[in-house]
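The lines below spell out each chain.
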Amino acid sequence: KKANTLIILDVHARDIVDRFVRDSILSKDEFAWESQLRFEWERKRDDVVVKQCSGLLKYCYEYQGLNGRLVITPLTDRCVMTLTTAL
């Protein structure tokens with residue numbers, strides 16, 4: 001299960017990078033980059049934050065478990081973006 005989840009996440013990341021190259025996404029200010037779920041270290045807080053579009057959340061280090069039916073589609077990407085922005 002662990003290997004399957006990592007493979008799915010890596011394939012999804014590869015597809016995103018391929019799309020960035022194909023569409024010439026070169027700036028971090030472009031929507032294609034902003035709409036990606038990002039985990040970043042913020043020095044001011046000395047902690048990890050989760051960023052997506054206008055959403056900024058403190059990362060709480062919660063364990064989500066292994067999802068055996070993990071599937072990442074454009075629809076799930078949009079759902080995560082909507083939820084992150086709403087919070």
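Owing to the predicted nature of the structure, the values given are computational and were not obtained by experimental measurement. (Residues numbered from 1 in each chain as written. Predicted model: local features only at pLDDT ≥ 70, side-chain atom pairs only at ≥ 80, totals over all residues. Heavy atoms only, no water.)

I tried to follow the overall build of the protein on my own but got confused; where do I start?
When helices and strands are tallied, the protein shows three helices and three strands. Taken from N to C terminus, the helices and strands of the protein fall in the order α-α-β-β-β-α. Sequence-distant contacts, at least 24 apart, represent 34% of the contacts inside the protein between residues at least 6 apart. With the model as given, the accessible surface of the protein reaches about 7,100 Å², and the carbon-plus-sulfur share is 59%. (Helix = DSSP H or I, 4+ residues; strand = E, 2+ residues; numbered from the N terminus. Contact = heavy atoms within 4.5 Å. Areas by Shrake-Rupley, 256 points an atom, 1.4 Å probe, with all protein chains shown as cover.)

I keep staring at a nonpolar patch on the surface and nothing clicks. Help me out?
A surface patch of nonpolar side chains, about 260 Å² in accessible area, is lined by Leu 37, Phe 39 and Val 80. Following the sequence through the fold, Phe 39 ends up in strand S1 (residues 38-42). (Patch = residues over 30% accessible without salt bridge, like charges linked within 9 Å, V, L, I, M, F, W, Y side chains within 5 Å. Salt bridge = Lys/Arg side-chain N within 4 Å of Asp/Glu carboxyl O.)

Would you mind showing me how to read the packing of aromatic side chains here?
Each aromatic ring pair is specified by the distance between its two centres and by the angle formed by the two planes. The final tally for this structure, using the stated rule, is two aromatic pairs. With centroids separated by 5.6 Å and ring planes inclined at 85 degrees, the aromatic side chains of Phe 39 and Tyr 59 adopt a geometry described as edge-to-face. Of the two residues, Phe 39 sits in strand S1 while Tyr 59 sits in the loop between strand S3 (55-58) and helix H3 (74-86), which places them 20 residues apart along the sequence. Phe 39 gets classed as exposed once you look at its relative accessible area, which sits at 51%. Residue class for Tyr 59 comes out partly exposed when judged on its relative accessible area of 24%. (Phe/Tyr/Trp six-rings, centres within 6.5 Å; stacked < 30°, edge-to-face > 60°. Buried < 20%, exposed > 50% of the residue type's maximum accessible area, 1.4 Å probe, protein only.)

What am I meant to see in the side chain of Asp 47 here?
Structurally, Asp 47 can be placed in strand S2 (residues 47-52). Aside from chain neighbours lying at most four places away, what touches Asp 47 is Glu 40, Trp 41, Glu 42, Lys 58, Tyr 59 and Tyr 61.

I'm lost on the pairing of S3 in this one. Help?
On any regular strand, side chains alternate: one points to one face of the sheet, the next to the other face. The sheet contact formed by S2 and S3 spans four bridges and is antiparallel. The partner of Lys 51 across the bridge, within S3, is Leu 56. (Pairing = 2+ DSSP bridges.)

I keep staring at unusual backbone geometry and nothing clicks. Help me out?
Despite not being glycine, Asp 46 has its phi angle at roughly 55 degrees, a positive value. With respect to the element layout, Asp 46 can be found in the loop between S1 and S2. For Asp 46, a relative accessible area of 54% corresponds to the exposed category. Even without being glycine, Cys 53 reaches a positive phi, approximately 50 degrees. Along the polypeptide, Cys 53 turns up in the loop between S2 and S3. Cys 53 sits in the partly exposed class, given a relative accessible area of 22%.

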